[in-house]
Amino acid sequence: MAAVARGARTNLGLLGLLTGAFLTGWLAFALADAPSRWSLVIHATSGFAILALLPWKSIIARRGVRRAQPGRWASIALAILVLISLGAGLLHSTGLAVNIGPLPAMDYHVGAAIAAVPFVIWHVVARRIKLRPTDYSRRAILRGGVVIAGAAAAYGATELVVRVTGLPGAARALTGSYDAGSQLPVSNWMFDPIPSIDAITWSLRTPARTWTYADLGQFDDRLTATLDCTGGFYSTQEWSGARLDRLIGPQTRPTIRVLSHTGYDRRFPIGDASRLLLATRIGDRPLAAGNGFPARLVAADRRGFWWVKWVVAIEVDDVPHWWQPPFPLQ
């Protein structure tokens, strides 16, 4: 009975930690600077706590393998995905491997976590945890607190080692991203493809009028802003183009919708129009296709998925700016 009780507490603890790590990871994606950093601290601490519980979980797993329970393959797949996500996150945060093959380590970290979600749900349904009063007793809570405190200490020690040894992770931004320097990498949200657009036939539709690429070239509004991509890099550039308030004219409706050639879109409050730039150039150089040519949005102090690329329309409507998924779904 004692072994069963420990197994239930371990499974319950892992479920809570996996949920916490998943949610704080996405919260860190949504935020910038210091708030993102605090989310990442909790996120990393959850990861170290999961590692701390793995020895106990391995005992439970071995018992399940010996009993040959139905769905054993799903449990194995879940374990593999969690280990990939933890390993890739550690490699990224320390800088030991910012890229793994052709992809950033962050892509493996996030991709494995997303792939694990249906397996976690299956595990909760198929391997239901039967709670007992001792599972949430004072002693059990204190043990959980010890695990969290140990995980926080392990995370702090890892950060200290990274800085003392001068590993690349010491130079990360508050969001966990690495400086890409003057070369702006190509990074797309999820499966958004890079289109081939002819600047001669391209046009921008706004409430005021339709603009050609040559029309936008007459503007020279400049903004130095940092593109902080959720793929794990950031780059500070001087962007040139036209402020949105110049393109849409005076408006009484509350929301701006910026639409991409691919169908990707983001909404902003109308009050942000003077702070948003539709860039056609980085400095004096035209944008590359992978970086949004012929025009992309520059949304300073927002993460990279707000910086809509290949913009074809800027609309104004009455839909609240917050009435959209927190993260794009394509």
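All figures in this text were calculated on a predicted structure; none of them were measured in a lab.

Peer 1: Is there a simple way to think about the overall build of the protein in this case?
Peer 2: Looking only at helices and strands, the protein has seven helices and 13 strands in total. If one aligns the C-alpha atoms of the protein with their principal axes, the spans along those axes are about 75 × 45 × 35 Å. Within the protein, the fraction of its 330 residues that count as buried is 43%. Put simply, 71% of the contacts in the protein that link residues at least 6 apart link residues at least 24 apart. Carbon and sulfur atoms provide 66% of the accessible area of the protein, an area that totals close to 17100 Å². A gap of 20 Å separates the mean positions of the 34 positive and 20 negative side-chain charges of the protein.

Peer 1: Can you walk me through the packing of helix α3 (residues 72–94) against helix α4 (residues 105–126) in this structure?
Peer 2: For any two helices packed against each other, the geometry comes down to the angle between their axes and how far apart the axes lie. Direction vectors running N to C along α3 and α4 enclose 150 degrees, while the axes themselves pass 8 Å from each other. Put simply, α3 runs roughly antiparallel to α4. Judged by the twist between their axes, the crossing of α3 over α4 is left-handed. Contact residues: α3 offers Trp73, Ala74, Ser75, Ala77, Leu78, Leu81, Ile84, Ser85, Ala88, Gly89 and His92, while α4 offers Ala105, Met106, Tyr108, His109, Ala112, Ala113, Ala115, Ala116, Phe119, Val120, Trp122 and His123. Looking at the contact of α3 with α4 residue by residue, the class counts come to 17 nonpolar, six polar and no charged.

Peer 1: It is not clear to me how α4 should be interpreted in this structure. Could you clarify?
Peer 2: Compared with the 32 Å implied by 1.5 Å per residue over 22 residues, the 31 Å span of α4 between its first and last C-alpha is a close match. Most pronounced at Val117, the bend in α4 amounts to some 35 degrees, and the proline Pro118 follows within four residues.

Peer 1: What should I look at first to understand the nonpolar core in this one?
Peer 2: Inside soluble globular proteins, nonpolar side chains tend to come together where they are buried. Core analysis: the biggest nonpolar cluster contains 48 residues, and Leu204, Trp239, Leu244, Leu247, Leu278 and Ile314 have the highest contact counts within it. Elements supplying a minimum of two residues to this core: α4, β6 (221–228), β7 (233–243), α7 (244–248), β8 (255–260), β10 (276–282), β12 (296–299) and β13 (311–317).

Peer 1: Would you explain the pairing of β12 in this entry?
Peer 2: Remember that side chains alternate between the two faces of the sheet whenever the strand is regular. Side-chain alternation along β12 places Arg296 and Val298 on one buried face and Leu297 and Ala299 on a second face that is also buried. Across four bridges, β10 lies against β12 in antiparallel orientation. Residue pairing in the sheet places Leu277 in a bridge with Val298 of β12.

Peer 1: What should I look at first to understand the packing of aromatic side chains in this one?
Peer 2: Two numbers describe a pair of aromatic rings. These are the distance of the centres and the angle of the planes. Taken as a whole and judged by the stated rule, the model has 13 aromatic pairs. Relative to Trp26, the ring of Phe22 has its centre 6.1 Å away and its plane inclined at 65 degrees; by these criteria the two rings are edge-to-face. Pair noted here: Phe22 and Trp26 are both in helix α1 (residues 2–30), with a separation of four residues, about one helical turn. Summarising the aromatic geometry, the rings of Trp211 and Phe219 are spaced 5.5 Å apart at their centres and angled 65 degrees between planes, so their arrangement reads as edge-to-face. For the pair Trp211 and Phe219, one class covers both residues: buried. Feature note: the residues Phe22, Trp26, Phe29, Phe268, Phe305, Trp306 and Phe327 constitute an aromatic cluster, connected by ring pairs. The cationic tip of Arg209 hangs over the ring face of Trp211; the distance from NZ or CZ to the ring centre is 4.0 Å. Above the plane of the ring of Trp306 lies Arg266, whose end atom (NZ or CZ) is 4.8 Å from the centre.

Peer 1: What exactly am I supposed to notice about the confidence of the model for the protein here?
Peer 2: If pLDDT is low for a region, its predicted coordinates should not be looked at in detail. Residues at a pLDDT of 70 or more form 91% of the protein, whose mean pLDDT is 88. In the predicted structure, residues 1–5 sits below a pLDDT of 50 and forms four contacts with residues beyond four places in sequence or in another chain.

Peer 1: Just to check I follow, could you spell out unusual backbone geometry for this structure?
Peer 2: Backbone phi values are negative for most residues with the exception of glycine, while trans is the configuration of most peptide bonds. Following Phe293, the chain continues to Pro294 via a peptide bond in cis, the omega torsion being 10 degrees. Note that Pro294 resides in the loop between β11 (285–286) and β12. You will see that Asp301, though not glycine, has its phi angle at about 70 degrees, which is positive. For Asp301, the position within the fold is in the loop between β12 and β13. Judged by its relative accessible area of 68%, Asp301 is exposed.

Peer 1: Would you take a moment to explain the environment of Gly249 for this structure?
Peer 2: Tracing the backbone through its elements, the reader meets Gly249 in the loop between α7 and β8. Given a relative accessible area of 24%, Gly249 falls into the partly exposed group. A C-alpha to C-alpha distance of 29 Å links Gly249 and Asp228, two positions 21 residues apart in sequence.

Peer 1: So what exactly am I meant to see when it comes to the side chain of His43 here?
Peer 2: Considering the arrangement of structural elements, one finds His43 in helix α2 (residues 33–67). Accessibility expressed as a relative area gives 17% for His43, which makes it buried. Separated by 3.4 Å, the side chains of His43 and Thr24 make a polar contact. Non-local contacts of His43, meaning those with residues more than four positions away in its chain, are made with Ala21, Thr24, Gly25 and His109.

Conventions adopted
- Residues numbered from 1 in each chain as written.
- Predicted model: local features only at pLDDT ≥ 70, side-chain atom pairs only at ≥ 80, totals over all residues.
- Heavy atoms only, no water.
- Helix = DSSP H or I, 4+ residues; strand = E, 2+ residues; numbered from the N terminus.
- Buried < 20%, exposed > 50% of the residue type's maximum accessible area, 1.4 Å probe, protein only.
- Contact = heavy atoms within 4.5 Å.
- Areas by Shrake-Rupley, 256 points an atom, 1.4 Å probe, with all protein chains shown as cover.
- Lys, Arg positive; Asp, Glu negative; His and termini not counted.
- Charge placed at Lys NZ, Arg CZ, Asp CG, Glu CD.
- Axes fitted to C-alpha atoms, helices over the stretch in contact; angles between N-to-C directions.
- Parallel < 35°, antiparallel > 145°, perpendicular 65-115°, else oblique.
- Left-handed = near helix turned anticlockwise from the far one by under 90°.
- Nonpolar A, V, L, I, M, F, W, Y, C, P; charged D, E, K, R; others polar.
- Expected span 1.5 Å × (residues − 1).
- Bend = angle between axes of the 7 residues up to and from the residue.
- Core = buried A, V, L, I, M, F, W, Y, C linked by side-chain atoms within 4.5 Å.
- Pairing = 2+ DSSP bridges.
- Phe/Tyr/Trp six-rings, centres within 6.5 Å; stacked < 30°, edge-to-face > 60°.
- Lys NZ or Arg CZ within 6 Å of the ring centre and 35° of its normal.
- pLDDT = per-residue confidence, 0-100.
- Polar contact = N/O pair within 3.5 Å; in protein donor to acceptor, adjacent residues only side chain to side chain.

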